[in-house]
Amino acid sequence: MNLFLNLTPAAWQLWCFFSVALALVIALEADLLESRIPNVLVVGLFVVGLLLQAVGPANGREGVFGAYPGAIGAGRALLGAAIGLVIFLPVYLAGAMGAGDVKFMAALGVFAGPVDVVGAALSVAACGGLLALGLTLSRRKTAVAWGNVVRIADGLIRPVVAD
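Residues numbered from 1 in each chain as written. Predicted model: local features only at pLDDT ≥ 70, side-chain atom pairs only at ≥ 80, totals over all residues. Heavy atoms only, no water.

Our focus in this paragraph is the layout of surface pockets. Here the largest pocket defines a volume of roughly 1,800 Å³. Considering the residues around the largest pocket, the lining is formed by 50 residues, among which Asp31, Asp101, Gly128, Gly129 and Ala132 are closest to the centre. Among the elements of the structure, helix H1 (9–34), helix H3 (74–93), helix H4 (99–138) and helix H5 (142–162) are those that each provide at least two residues to the lining of the largest pocket. When residues in the lining of the largest pocket are grouped by element, the largest group, 21 residues, is from H4. Its residues assigned to classes, the lining of the largest pocket shows 33 nonpolar, 10 polar and seven charged. (1 Å grid on protein atoms, 1.4 Å probe; cavity = no way out; pocket = protein on both sides within 12 Å on 5 of 7 lines; lining within 4 Å. Points joined across faces, edges and corners; volume = space filled by probe spheres on them. Helix = DSSP H or I, 4+ residues; strand = E, 2+ residues; numbered from the N terminus. Nonpolar A, V, L, I, M, F, W, Y, C, P; charged D, E, K, R; others polar.)

The following block contains the structure:
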C-alpha cells in the first residue's frame, strides 16, 4: 500500500507541517546546545520534503501554505530550495549565520516552494534575530554583539559603496 497516493490534500499538508515542526524542534535544540545543525537532519528534511512534493496530491498546486494545499512537484520544490539557499548565502558569507542555518533554509524551501520561501525566510530571520537578541542580553554580551553588527554592516555596505 502506497501511503502517499492515498493522502487527501489536508492530510498531506499535515504531514508536511509535522515534518517541518519536528525538524525545527530538533534543529533548535541542537543549535542551542551544540551550536550546529546536524547534516543528517537537514538531508532528511530535504528528502522527506522532496518526496512529499513529488508524489503528494496536486489539488491546484498551491503548496503547503496555499488556501488549496497541494504538492508543487519536484521541480518547483528544488527551485524553492535553491531560492532558500540563495537568500541566506550572503548572510553566511558575511559571517552572521552558520552554514547549517543556510542548508536548513534550503530544506525548508523544498516545503515552501519558490514563492512562499521568501516569506518563510523573512520569518526565520525575524525569529532568529529575536532569539539572538535574547541570548545576547541574557549572557551580557552586548558590546561584542554591537561590534559584530558594525562588522557585518561594514561588510555588506562597503562593497556596494566602493562600486
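A rise of 1.5 Å per residue sets the reference length of H1, with its 26 residues, at 38 Å; its end C-alpha atoms lie 37 Å apart and thus fit the reference within 8%. Elements in contact with the buried residues of H1: helix H2 (39–55) and H4. At the C-terminal side of H1, Ser35 shows a positive phi close to 60°. (Expected span 1.5 Å × (residues − 1). Contact = heavy atoms within 4.5 Å.)

Residues Trp15, Phe18, Leu22 and Ile26 make up a contiguous nonpolar surface patch of about 390 Å² in total accessible area. Looking at the secondary structure, you find Leu22 in helix H1. Using a relative accessible area of 42% as the deciding quantity, one classes Leu22 as partly exposed. (Patch = residues over 30% accessible without salt bridge, like charges linked within 9 Å, V, L, I, M, F, W, Y side chains within 5 Å. Areas by Shrake-Rupley, 256 points an atom, 1.4 Å probe, with all protein chains shown as cover. Salt bridge = Lys/Arg side-chain N within 4 Å of Asp/Glu carboxyl O. Buried < 20%, exposed > 50% of the residue type's maximum accessible area, 1.4 Å probe, protein only.)

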